[in-house]
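Residue-level listing of the chains:
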Amino acid sequence: MADQTHVLFVEDDDVIREATQLALERDGFAVTAMPDGLSGLEAFRANRPDIALLDVMVPGLDGVSLCRRIRDESTVPVIMLSARADSIDVVLGLEAGADDYVTKPFDGAVLVARIRAVLRRFGHAGGGDRGEAAEDPVTGGVLTFGDLEVDTEGMEVRRAGQPVALTPTEMRLLLEFSSAPGTVLSRDKLLERVWDYGWGGDTRVVDVHVQRLRQKIGQDRIETVRGFGYKLKA
């Protein structure tokens, strides 16, 4: 397991849990599968996986609450699994700190592709050996935008001199904005660059992450350009 990417998978449906675990293991992942949220939290704390797959509707501690508990302790990437394409499920999961979501029923190949896309952003190859650190969209020094400082080499952010804690996805989103201040970036472009989507994705992922980023760096720092996307105020 030491040289493999370790996946924590929390799913209460026995058939889905066992089939998905086998599929992920065939693709080179090491998998710890748990049937409920409480055992999932215990497994997370005991094993410190590289990524967590959490079904929204699991007993004991639901997936959204489990995501919040994990996010309180770690920036490990989280993908939520939902049996519905319901916007409430999606938004609640993302607001809890999830990096992406997949709607059930899902194709195994699609799930693996989404896992690997997330892991590339976090500096892992996804399956088998660990990868090299992902290339950053911005390199070179400290960028300043008002009271906001973005250290693109040290991967640190300060607001009014105080450190700002960002998840890796939030950091990559801010780096994209910092690379082109004053330039409007469309939701599709951000999905491609930050979430590594080579296909059309759900732009709610972008909207929720932008809102989370605004709460940390200042509500007025990122401007919405209706009908086009977002831009960082220079």
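Parameters at a glance
- Residues numbered from 1 in each chain as written.
- Predicted model: local features only at pLDDT ≥ 70, side-chain atom pairs only at ≥ 80, totals over all residues.
- Heavy atoms only, no water.
- Helix = DSSP H or I, 4+ residues; strand = E, 2+ residues; numbered from the N terminus.
- Buried < 20%, exposed > 50% of the residue type's maximum accessible area, 1.4 Å probe, protein only.
- Polar contact = N/O pair within 3.5 Å; in protein donor to acceptor, adjacent residues only side chain to side chain.
- Contact = heavy atoms within 4.5 Å.
- Core = buried A, V, L, I, M, F, W, Y, C linked by side-chain atoms within 4.5 Å.

Draft legend 1. Broad picture of the environment of E73. The residue E73 is located in helix α3 (residues 63-73) in this model. Given a relative accessible area of 34%, E73 falls into the partly exposed group. Sequence separation of E73 and R45 is 28 residues, and the distance between their C-alpha atoms is 9.0 Å. At 2.6 Å, the side chain of E73 forms a polar contact with the side chain of R45.

Draft legend 2. Seen up close, helix α2 (residues 37-47). Every buried residue belonging to α2 is among G37, S39, G40, L41, A43 and F44, and all of these are buried. Of the surrounding secondary structure, the elements contacted by the buried residues of α2 are β1 (6-10), β2 (30-34) and α3. At the N-terminal end of α2, a side-chain oxygen is found 3.2 Å from the backbone nitrogen of L38, two or three residues along, and the residue is D36. Phi turns positive one or two residues past the end of α2, at R48, with a value near 45 degrees.

Draft legend 3. Spatial organisation of the nonpolar core. Judged by nonpolar contacts, the single largest core of 48 residues is most densely connected at L54, M80 and F177. L54 has contacts with V10, G63, L66, C67, I70, V78, I79, M80 and L81, leaving out every residue within four places of it along the chain. If you look at the next biggest cluster of nonpolar residues, it comprises 17 residues, including F9, F29, V102 and F122.

Worth remembering: the numbers are spatial, not functional.
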